[in-house]
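Coordinate analysis (summary)
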Amino acid sequence: MSVRRRHTLRALSAATAVVALAAGCSSANSGANKGGGAGASGVLTLGKPDGPQTNNSNPFLATSASATLGYRFMIYEPLAMTNQIRPTDKADPWLATAWDWESNFTKVTFTLDKRAKWADGKPLTAADVAFTFELLKKHPALNGNGIPYDGIAVEGEKVVLTFKESQFVNQNKIITTYVVPKHIWEKVENPETWPNRTPVGSGPYKLKTFTPQTTTLTATPDYWKGETKVKELRYSAYNDNSAATTALANGKLEWSFVFMPNYKQLYIAKDPKNHKLWFPSGLGIHGLWFNTARKPFDNPALRKAMAMVIDRKAIHVQAQATLYPEISNPTGIPLPAGEPFLAPEYKSATTAPDVDGAKALLKDAGFQLSGGVLKDPGGKPVELTFTDPAGWNDYITGLSIIKDNIKQLGIEAKVKTQTAEAWGNDVATGNFDATLHWTNSGATPYDMYQNIMDGAILQPIGKSAQLGNFGRFKSPEATAALKEYANATDDPTRTKAMNTLQKIMVEQAPVVPTAAAPIGAEYSTKNWVGWPTEKDPYAAPQHTQPDALEVVLNLEPAK
Amino acid sequence: MKYILQRLAFYAVTAWAAITINFLIPRLMPGDPVEALMSRYQGQLDTTAIASLKALFGLDEHQSLWSQYTDYWSHLIDGDLGLSFTFFPTPVGEVISQSLPWTLALVGITTLISFLLGTGIGVYSGWRRGSWLDGLLPVTTFISAIPYFWLGLIAIALFAVKWQIFPAAGGYDNSLVPAFDWPFISSALYHGVLPGVTIVLSAIAGWILGMRNMMVTVSSEDYVMVAQAKGLSERRVMFSYAARNAVLPNISGFALSLGFIVGGTLLVEMVFSYPGIGYQLFQAVGAKDYPLMQGVFLIITLSVLAANLLADMAYALLDPRTRKEA
């Protein structure tokens, strides 16, 4: 026994030593204050379920901890700050005081703010901005937005970009490019695989410590825009939703973005005065994509009839737990974000179910309802199989609501679940009847419509269509309107193209919009106030969005 | 000696087969890393990013399966496990080395504790049948029958939310940096209590039951009766005669369980947000991160094989029948 006990002790101490050794032997915690959210000491705790991270602050890589946790936006700053949830508002000047588009969005001139400087004290100049654009142009792997950069020139203290084609639809992506310091990045041999472990940016925060579990950022005292109230940002990665929800409920986590079905009970009720939740949307949607290359879904009347009976309210309440904003307009444009784009004929349109109207439409198109079964003009009963990944409960609940809705038209539907991988593969190769899936989003509804119906990215069934148009929607009219919208030289032409796209969306229903894609967040007003709200929507509330910087700068200690 | 050589040759072949399967299985699964990343972001990452991601991961160049396989071996021999896709461009070796110590410490210590505690209780309850210790059996079996994630969630609900005695998540306090100093080590131990206790609770029943049953069988053996007839102390008979023989199956069970320590306990790491290798593997599978998956599988395979070898050797030493030529 005694021998064995000695072994146990040895094993125990060895194991402890392993942990400590792996962690590196420095005494870094002498002055650390324990505990989570502590507004009094100027700390803001934020994070979401991302799992342990690795030390990587390369802002251009979607796989880096700085992108996953979102702290890249606290270190690097954009030329201009757009509002994701009010994309039509004019952007706020940031590193650039002005950006002037000329010659139909093929040329832009940036005038830089002279006060801007890097955290190491060096001034931020036009050379840095031009270098950043050169970097993106030279390395397609870093150019996540796929912007076709052409001419990049420094003219005095201004930077001029020229393009071969109109960049109207990409304008927000270009002006929100975050700038990296030339004097550091020019020495990097391979920026695509550079982990950038001591990031130097122009933003108000710098990296203090990195651990797989928590990344701590501390305020730069001499930030060029003035001192910040939040002195320390503590980003924690939780392993799953329930861990993050627990931390939110007990106040350890103050700012997060977790989907929780019964948020009222799990979060709000724990501290009704301070625990707040707001899920606004940008211009992206979730919708039911039809495979328009399969019979009988190639018939627009059938698709439109289904769109007319789907109960968005039920999907909003039961499937999305009222977290995803409801789609109230048949064009699929989320409101109020996309209000200015609505065509006059759809301004007052609603998505209220209209079963009789749908039945009449089907009858006119040659469909027959006999004995509760809808038959297509060829006499075959209309059946379809909905597919989505198992475990994606909001989607699966949505599908079963849709299934009940279309039963009123005599359409028999089945809901089939798949693994996420098999589903992704089937959607890309066109091996499905109908599926709930998301769309792209951007500064205008163009991104969403282009993703749904652009003939230029159409692939035959069986070939992977990763860029979009998963439903194989073939409409020369839509393709032409998309092209016209992107390249138009004046606003009336653009409006006309946008109205055409909306008409196609409503009349031919390649996708039935079911919910707006939220850019939501949970936040606590216990220690910090000044968050964006429904009444004051100055920025998207999510901490992984570019405008998170605006939110942090707007925060003040609660009384 | 011949026996040992035979076993070694057998393990070499097994290792080769396992490594080859490690290479093949990830590639037979549907989907690719870029697609997995896109569906993780659910529309927040634009489809225009696909081209840049493919270029980044080097997936835009086509390579035959055979040349991938030979590359894989040549890199493996150099000790290079490649770059992880999920955490691009972090090397797989680094991802593993930052999570493995946590798993080794937590699961290693708890496996040891539950083995020692379970075997100890098994010895007593097998020797003193009918005492109050027998009442422990149904209780521990009941606890081990509870699905682990549920046990973990109940523990969190009671001890981290209702009475806030222990932390609910993480391996150490969020304000600390891993270092060899008292604040960090105490915090790590404190954070390990809930996961540790729940693992021990759910694993101990097996050891108790196995040990008790063997004790019952052994205690009716003649040599135990002889020892008692010699007038040896109760304690001596119990430990040196009965338990010593009864513990054999538990020892080999323990050697095998050592191999699974490395595999980690995914559920523990999920429920308690504990930094460990099981969760890393789970993420890698979800993200189609071939290099990371292969790296973790390799470590697991090798440690299971090593543990098996250990068990084989221990048996050969303890039981002469296994090394006799047939």
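Residues numbered from 1 in each chain as written. Chains lettered and ligands numbered in written order. Predicted model: local features only at pLDDT ≥ 70, side-chain atom pairs only at ≥ 80, totals over all residues. Heavy atoms only, no water.

This next bit is on the interface of chain A and chain B. Contact with chain A, which involves 76 residues of that partner, is made by 69 residues of chain B. Approximately 6000 Å² of surface area, both sides summed, lies buried where chain A meets chain B, with 57% of it carried by carbon and sulfur atoms. Counting across the chain A and chain B interface gives 1 salt bridge. One salt bridge in this structure joins A:Arg197 and B:Glu94, with 2.9 Å as the shortest N-O distance. (Contact = heavy atoms within 4.5 Å. Buried area = accessible area lost by both parts, 1.4 Å probe. Salt bridge = Lys/Arg side-chain N within 4 Å of Asp/Glu carboxyl O.)

With 168 residues, the main nonpolar core has A:Phe110, A:Leu161, A:Leu233, A:Trp255, A:Leu288 and A:Leu384 as its most contacted residues. Per element, the largest residue contribution to this core is 7 residues, and it comes from helix H4 (residues 126-138) of chain A. Looking at this core, you find at least three residues from each of domain 1 (2-77) and domain 2 (103-322) of chain B. Contact partners of A:Leu288, with chain neighbours within four places excluded, come to A:Ile310, A:Phe386, A:Leu399, A:Ile402, A:Ala434, A:Thr435, A:Leu436, A:Pro510, A:Val511, A:Val512 and A:Thr514. Ranked by size, the runner-up nonpolar core spans 18 residues in total, among them B:Ile156, B:Ala188, B:Ile199 and B:Phe272. (Core = buried A, V, L, I, M, F, W, Y, C linked by side-chain atoms within 4.5 Å. Buried < 20%, exposed > 50% of the residue type's maximum accessible area, 1.4 Å probe, protein only. Helix = DSSP H or I, 4+ residues; strand = E, 2+ residues; numbered from the N terminus. Domains from an automatic or database assignment.)

Turning to helix H6 (residues 136-145) of chain B, a few remarks are in order. Residues and elements named next belong to chain B. Along H6, the residues classified as buried are Leu 137, Thr 140 and Ile 143. Summarising the axial view, the buried residues of H6 lie within an arc of 135°, below the 170-degree limit, and thus occupy one face. In this structure, H6 carries Pro 138, Phe 142 and Ala 145 as exposed residues pointing more than 90 degrees from its buried face. Here the buried face of H6 lies against helix H7 (148-162) and helix H8 (182-218). (Arc of directions from axis to C-beta.)

All names here are of chain B. Approximately 1000 Å³ is the volume found for the second largest pocket. The set of elements that each furnish at least two residues to the lining of the second largest pocket consists of helix H1 (2-28), helix H3 (49-57), helix H4 (65-77) and helix H14 (290-318). Looking at the lining of the second largest pocket, the element that brings in the most residues is H4, giving 5 residues. A per-class count over the lining of the second largest pocket returns 13 nonpolar, 9 polar and 7 charged. Structurally, the lining of the second largest pocket is a two-domain feature, drawing no fewer than three residues from each of domain 1 (2-77) and domain 2 (103-322). (1 Å grid on protein atoms, 1.4 Å probe; cavity = no way out; pocket = protein on both sides within 12 Å on 5 of 7 lines; lining within 4 Å. Points joined across faces, edges and corners; volume = space filled by probe spheres on them. Nonpolar A, V, L, I, M, F, W, Y, C, P; charged D, E, K, R; others polar.)

Following the UniProt record, the feature "transmembrane region" (unreviewed entry) maps to residues 9-29, 102-124, 136-161, 188-209, 246-272 and 292-318 of chain B here. Taken end to end, residues 188-209 of chain B is 100% helix and 0% strand, and its two terminal C-alpha atoms sit 32 Å from one another. (UniProt positions renumbered as here; feature names shortened; annotations may be inferred.)

Right, let's talk about unusual backbone geometry for a bit. Among all residues except glycine, the phi angle is most often negative; among peptide bonds, the trans geometry is most common. For the peptide bond that leads from A:Leu335 to A:Pro336, omega is 5°, which places it in the cis range. Tracing the sequence through the fold places A:Pro336 in the loop between helix H10 (312-319) and helix H11 (355-364). Geometrically, the link from B:Phe88 to B:Pro89 is a cis peptide bond, its omega value of 0° lying close to zero. Of note in this structure, A:Thr322 is not a glycine but carries a positive phi near 60°. By the element assignment, A:Thr322 lies in the loop between H10 and H11.

Here we come to the sheet that holds strand E13 (residues 281-290) of chain A. All names here are of chain A. With mixed pairing, the 5 strands of this open sheet are ordered in space as E17-E16-E18-E13-E19. On the outer flanks of this sheet lie strand E17 (412-418) and strand E19 (511-518), each paired with one strand and no other. Across this sheet, the average inter-strand angle for adjacent strands is 25°, counted without regard to direction. Of the strand pairs in this sheet, strand E16 (residues 383-389) and strand E18 (residues 434-438) are connected by 2 bridges, and their pairing is parallel. In the strand pairing of E18, Thr 387 is matched with Thr 435. Packed on one face of the sheet, helix H13 (residues 420-429) meets E16, E17 and E18 and runs near 100° to E18. (Pairing = 2+ DSSP bridges. Axes fitted to C-alpha atoms, helices over the stretch in contact; angles between N-to-C directions.)

All names here are of chain B. Examined at the domain level, chain B breaks down into domain 1 (2-77) and domain 2 (103-322). The C-alpha centroid of domain 2 is placed 32 Å from the C-alpha centroid of domain 1. Facing 21 residues of domain 1, the contacting portion of domain 2 comprises 17 residues. Approximately 1800 Å² of surface area, both sides summed, lies buried where domain 1 meets domain 2, with 70% of it carried by carbon and sulfur atoms. For domain 1, the biggest contributors to the area lost against domain 2 are Tyr 3, Tyr 11 and Asn 22; these three give 31% of the whole.

Let us now look at the pairing of E18(A). All names here are of chain A. Taken across its 5 residues, E18 has 5 buried, putting it largely inside the fold. Sheet analysis places E13 next to E18, joined by 5 bridges and oriented antiparallel. Considered in E18, the bridge of Gly 287 is made with His 437.

The final tally for this structure, using the stated rule, is 38 aromatic pairs over all chains. Pairing A:Phe259 with A:Tyr324 gives two aromatic rings, centres 5.8 Å apart and planes at 80°, and the pair type is edge-to-face. Here A:Phe259, found in the loop between strand E11 (255-256) and helix H8 (263-266), pairs with A:Tyr324, found in the loop between H10 and H11; they are 65 residues apart in sequence, far enough to count as distant. Given a relative accessible area of 27%, A:Phe259 falls into the partly exposed group. Geometrically, the ring pair formed by B:Phe115 and B:Trp207 is edge-to-face, given 5.2 Å between the ring centres and 80° between the ring planes. Of the two residues, B:Phe115 sits in helix H5 (residues 92-127) while B:Trp207 sits in helix H8, which places them 92 residues apart along the sequence. As far as burial versus exposure is concerned, B:Phe115 and B:Trp207 are alike and both buried. Following the ring pairs from residue to residue traces out a cluster consisting of A:Trp101, A:Phe105, A:Phe110, A:Phe133, A:Tyr149, A:Phe163, A:Phe168, A:Tyr446 and A:Tyr485. Against the face of A:Trp94 rests A:Lys225, its NZ or CZ located 3.5 Å from the ring centre. Lying across the ring of A:Phe168, A:Arg494 places its NZ or CZ 3.5 Å from the centre. (Phe/Tyr/Trp six-rings, centres within 6.5 Å; stacked < 30°, edge-to-face > 60°. Lys NZ or Arg CZ within 6 Å of the ring centre and 35° of its normal.)

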